[in-house]
Amino acid sequence: MTRTASTASPPAPAAAPGRTGKRPSRRRARAGSSWRGRPLRKLTPWLFLLAPLALLITFTYVPVGNMIYYSFTDWDGISPDRAYVGADNYTEIFTRPELFRVFAVSFYYLAASVVQIVIALYFAAVLSFDLRFRNLFKGILFFPYLINGVAIGFVFLYFFQDGGTLDSVLSWFGVGTDHAWLGSPQSANTSMAGVSVWRFTGLNFVLFLGAIQSIPGELYEAAQLDGAGRWKQFRHIIAPSIRPVLSLSVILAISGSLSVFEIPYIMTGGATETSTFVIQTVKFAFQFNKTGLASACAVVLLAIILVITWIQRRLVPDEKVDLV
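Residues numbered from 1 in each chain as written. Predicted model: local features only at pLDDT ≥ 70, side-chain atom pairs only at ≥ 80, totals over all residues. Heavy atoms only, no water.

Can you help me understand the confidence of the model for the chain in this one?
Where the model shows low pLDDT, its predicted coordinates should not be examined in detail. In the predicted model, the chain carries a mean pLDDT of 83, and the fraction of residues at 70 or more is 85%. This stretch, residues 1–10, has a pLDDT under 50; its non-local contacts, to residues over four places away or in other chains, come to 0 contacts. (pLDDT = per-residue confidence, 0-100. Contact = heavy atoms within 4.5 Å.)

Hey, could you run me through the pattern of salt bridges in this one?
Under the criterion given, the structure shown has 3 salt bridges. One salt bridge in this structure joins Glu92 and Arg96, with 2.9 Å as the shortest N-O distance. Overall, the relative accessible area of 25% leaves Arg96 in the partly exposed class. The partner of Arg199 in a salt bridge is Glu262, with the nearest N and O atoms 2.7 Å apart. Linking Arg199 in helix α8 (residues 185–213) with Glu262 in helix α12 (residues 262–267), this pair joins segments that are 63 residues apart in sequence. (Salt bridge = Lys/Arg side-chain N within 4 Å of Asp/Glu carboxyl O. Buried < 20%, exposed > 50% of the residue type's maximum accessible area, 1.4 Å probe, protein only. Helix = DSSP H or I, 4+ residues; strand = E, 2+ residues; numbered from the N terminus.)

Help me out: how do you make sense of the packing of aromatic side chains in this one?
Tallied over the full model, the rule gives 18 aromatic pairs. Relative to Tyr84, the ring of Phe72 has its centre 6.5 Å away and its plane inclined at 25°; by these criteria the two rings are stacked. Of this pair, Phe72 sits in the loop between α1 (26–70) and α2 (88–94) while Tyr84 sits in the loop between α1 and α2, and the two are 12 residues apart along the sequence. For Phe72, a relative accessible area of 28% translates into the label partly exposed. Given the relative accessible area of 64%, Tyr84 is considered exposed. Through a chain of ring-to-ring contacts, three or more aromatic side chains come together here, namely Phe94, Phe100, Phe103 and Phe277. Here the guanidinium or amino end of Arg82 rests over the ring plane of Trp75, the centre of that ring lying 4.6 Å away. (Phe/Tyr/Trp six-rings, centres within 6.5 Å; stacked < 30°, edge-to-face > 60°. Lys NZ or Arg CZ within 6 Å of the ring centre and 35° of its normal.)

How should I be thinking about the layout of surface pockets in this particular structure?
A volume near 400 Å³ is recorded for the largest pocket. For the largest pocket, the lining is made up of 21 residues, of which Gln116, Phe200, Leu252, Gly256 and Ser257 are closest to its centre. For the lining of the largest pocket, the secondary-structure elements that each account for two or more residues are α4 (103–127), α8, α11 (243–258) and α12. Among the elements that line the lining of the largest pocket, the one with the most residues is α11, at 6 residues. (1 Å grid on protein atoms, 1.4 Å probe; cavity = no way out; pocket = protein on both sides within 12 Å on 5 of 7 lines; lining within 4 Å. Points joined across faces, edges and corners; volume = space filled by probe spheres on them.)

How do you make sense of a nonpolar patch on the surface when you look at a structure like this?
There is a patch of nonpolar side chains on the surface, built from Leu43, Trp46, Leu47, Leu49, Leu53, Leu56, Ile57, Tyr61 and Val62 and spanning about 860 Å² of accessible area. Checked against the element boundaries, Val62 lands in helix α1. Given a relative accessible area of 41%, Val62 falls into the partly exposed group. (Patch = residues over 30% accessible without salt bridge, like charges linked within 9 Å, V, L, I, M, F, W, Y side chains within 5 Å. Areas by Shrake-Rupley, 256 points an atom, 1.4 Å probe, with all protein chains shown as cover.)

Can you help me understand the packing of α8 against α11 in this one?
Any two packed helices are characterised by the angle at which their axes cross and by the distance between the axes. Contact geometry for α8 and α11: axes closest at 10 Å, N-to-C directions at 165°. As summarised for this structure, α8 and α11 are arranged roughly antiparallel, according to the angle between their axes. In the crossing of α8 with α11, the sense of the turn from one axis to the other is right-handed. Where α8 abuts α11, its residues Asn204, Leu207, Phe208 and Ala211 lie against Val245, Leu246, Ser249 and Leu252. Of the residues in the contact of α8 with α11, the class split is 6 nonpolar, 2 polar and no charged. (Axes fitted to C-alpha atoms, helices over the stretch in contact; angles between N-to-C directions. Parallel < 35°, antiparallel > 145°, perpendicular 65-115°, else oblique. Left-handed = near helix turned anticlockwise from the far one by under 90°. Nonpolar A, V, L, I, M, F, W, Y, C, P; charged D, E, K, R; others polar.)

Here is the structure:
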């Protein structure tokens, strides 16, 4: 009797209990590690923002909240007692028309802001091209903005005084004048608005220049190949690309003209009808010890600026600029 050889393969070893016999895939291992690191990834940006947010809240939002609270009290700025008076401070503000007449002075500075935007845009467009000594002119235009506002006020106070620098320069050209530049409301406001043009043109110039220099150079090369001159390059390339920055400059001009303080306060102290709303607010707080009323004035000014900014953004919305 013959024995036939078995051709069957030996049985596979039994798998250990609790194991499936398959090694976990790398994808599953990566998913597990990413799941563990996901909370940390979400928390990391907030860790970086913790210090700036703490400074912003401490030095911006908390003071604004205190100012709003003080506007509903009769606090004099010294006494620890603060009696709640409700909306009496706001009622006093809106029932005294003379408090809002000072906004007429802001029109001088608003007109000056238009002039400085035009000058800054002109020089930014000109100096964006390859010109000789353009870096020198950039420094000259931006330098006044680096000077302290109080120092500028004192310098131009001597510049416009009787027999001062301006009168001396005019006498060199045979122009004799005994005009008091800071003696009449119109002359004083016009002179100080001119000072603001000299001081803040550099800020707008830097904003415009940065926006212009961010334009790809290929656009200028293509325009030159098509025979476009400087004016057409400005009209069809530069002007559309700096529209958001121009909108920002208009917002800064409006808010700045409503909150002018340093130059008129140093040069005239608000005399000869040169007082602004901010100077008036400062006098309420530190001269008449009406901190509650001054806080209400500050809240009203903030609300006016926010409303004007909102209207401006609604009338001229920011549009996405895509020149490429």
